[in-house]
Amino acid sequence: MARNPERRAALVDAAVAVLAREGARGLTFRAVDGEAAVPVGTSSNYFTDRDDLLNQVDAHLHTRLAPDPAVLAELLTRPKDRSLVLEFMRDLLARATGDRTGYLALFEMRLEATRRPALRASYTESVRGDLEQGMAFHRAAGLPGGDETVTVLYLAVLGLLLEQLTLPGVLDGVLPGVAVPDELLERIVATIVPEA
């Protein structure tokens, strides 16, 4: 198997782009090679099979879409209240809209996991780990609410991201006078996160 880490990273990024644009059915080694502008057959030198490629995409996306540590550090200097939770959610929304391709690939990974038991197991573990990490972060930061707050917030914001990145018109005007996504995000946080 080829060992060039820069080429591997470029191929995984190409796979993310193909996955977001074409869906899992379009994710072939040939499509990845084309997206990465490398000779046909290059991907097969880096990944043993499609499952290996999907697992590499999963690992890469969790790194690629992670919050900036400097942003987290700055936010954590603020009072630990509902407004800080809103700022964390705004950062998430900004990252999602800033890397729409990455988040669409995450949604495609969820769909593909429904068809591939091995991917379902590893991806479930990966996403569950993210949720548990979010709960631990929330507790350690001393933010209002507990694990239930984080879980319900996770579900609500995941739904907002899904609509905003795939069918943004669905939410436009659904709550008169509430701008989507920013003011809707504020309503979500105000509804779910306790004052203190």
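A brief report on the enclosed structure follows.

Rules behind the numbers
- Residues numbered from 1 in each chain as written.
- Predicted model: local features only at pLDDT ≥ 70, side-chain atom pairs only at ≥ 80, totals over all residues.
- Heavy atoms only, no water.
- Helix = DSSP H or I, 4+ residues; strand = E, 2+ residues; numbered from the N terminus.
- Buried < 20%, exposed > 50% of the residue type's maximum accessible area, 1.4 Å probe, protein only.
- Phe/Tyr/Trp six-rings, centres within 6.5 Å; stacked < 30°, edge-to-face > 60°.
- Expected span 1.5 Å × (residues − 1).
- Contact = heavy atoms within 4.5 Å.
- Core = buried A, V, L, I, M, F, W, Y, C linked by side-chain atoms within 4.5 Å.
- Polar contact = N/O pair within 3.5 Å; in protein donor to acceptor, adjacent residues only side chain to side chain.
- Axes fitted to C-alpha atoms, helices over the stretch in contact; angles between N-to-C directions.
- Parallel < 35°, antiparallel > 145°, perpendicular 65-115°, else oblique.
- Left-handed = near helix turned anticlockwise from the far one by under 90°.
- Nonpolar A, V, L, I, M, F, W, Y, C, P; charged D, E, K, R; others polar.
- Salt bridge = Lys/Arg side-chain N within 4 Å of Asp/Glu carboxyl O.
- Lys, Arg positive; Asp, Glu negative; His and termini not counted.

## Notes on the environment of F107
- Of note, F107 is situated in helix α7 (residues 100–113).
- Classification of F107 by relative accessible area gives buried; the value is 12%.

## Section: the packing of aromatic side chains
- This model, assessed by the stated rule, comprises one aromatic pair.
- For the pair F88 and F137, a centre-to-centre distance of 5.3 Å together with 90° between the ring planes defines the contact as edge-to-face. With F88 in helix α6 (residues 82–98) and F137 in helix α8 (residues 117–141), this residue pair connects regions lying 49 residues apart in the sequence.
- Residue F88 is classed as buried on the basis of its relative accessible area of 8%.
- A residue is classified by how much of its surface remains accessible, and F137, at 31% relative accessible area, is partly exposed.

## Comments concerning α7
- Across its 14 residues, α7 extends 20 Å between first and last C-alpha, which sits within 8% of the 20 Å expected from 1.5 Å per residue.
- For α7, every residue scored as buried is listed here: G102, Y103, L104, A105, L106, F107, M109, E112 and A113.
- The inward-facing, buried residues of α7 contact α1 (5–22), α4 (50–64), α6, α8 and α9 (147–166).

## Considering the nonpolar core
- Among the nonpolar cores identified, the biggest contains 53 residues, and L27, V57, M89, Y103, L153, V157 and L161 are the most heavily contacted of them.
- Where this core is concerned, the elements lending two or more residues are α1, α4, α6, α7, α8, α9 and α10 (182–192).
- When sequence neighbours within four positions are dropped, the list of residues in contact with Y103 reads L65, L92, R95, A96, L161 and L165.

## Observations concerning the environment of T166
- Looking at the secondary structure, you find T166 in helix α9.
- Remark: the alpha-carbon pair of T166 and F107, spanning 59 residues in sequence, is separated by 9.7 Å.
- Within the local environment of T166, its side chain forms a polar contact with the backbone oxygen of L162, the two atoms lying 2.4 Å apart.

## Here's the deal with the packing of α7 against α8
- Contact geometry of α7 with α8 gives a least axis separation of 8 Å together with a crossing angle of 135°. What the angle tells us is that α7 and α8 run oblique. Between α7 and α8 lies a crossing whose hand is left-handed. Taking contact as the criterion, the partners of L106, M109, R110, E112 and A113 in α7 are, on α8, L119, R120, Y123 and V127.
- When grouped by side-chain class, the residues that make up the contact of α7 with α8 number six nonpolar, no polar and three charged.

## With respect to the pattern of salt bridges
- The tally for this structure, following the rule as stated, stands at 15 salt bridges.
- A salt bridge links R82 to E195, with the shortest nitrogen-to-oxygen separation between them at 3.1 Å. One end of the pair, R82, is in helix α6; the other, E195, is in the segment after α10, with 113 residues separating them in the sequence.
- Where R128 meets E132, a salt bridge forms, and the shortest distance between an N and an O atom there is 2.9 Å. Of this pair, R128 and E132 both sit in helix α8, separated by four residues, roughly a single helical turn.

## Notes on the environment of L53
- Position of L53 among the secondary structure elements: in helix α4.
- Each C-alpha atom of the pair L53 and T124 lies 17 Å from the other, and the pair is 71 residues apart in sequence.
- When near neighbours in sequence (up to four residues on either side) are disregarded, L53 contacts A15, L27, F29, V32 and F47.

## Quick word on the side chain of D33
- For D33, the location among the structural elements is in helix α2 (residues 29–36).
- Despite being buried, D33 has no salt bridge partner; R30 is the closest side chain of opposite charge, sitting 7.2 Å away.
- Not counting chain neighbours up to four residues away, the residues in contact with D33 comprise L11, V38, P39, V40, G41, T42 and S43.

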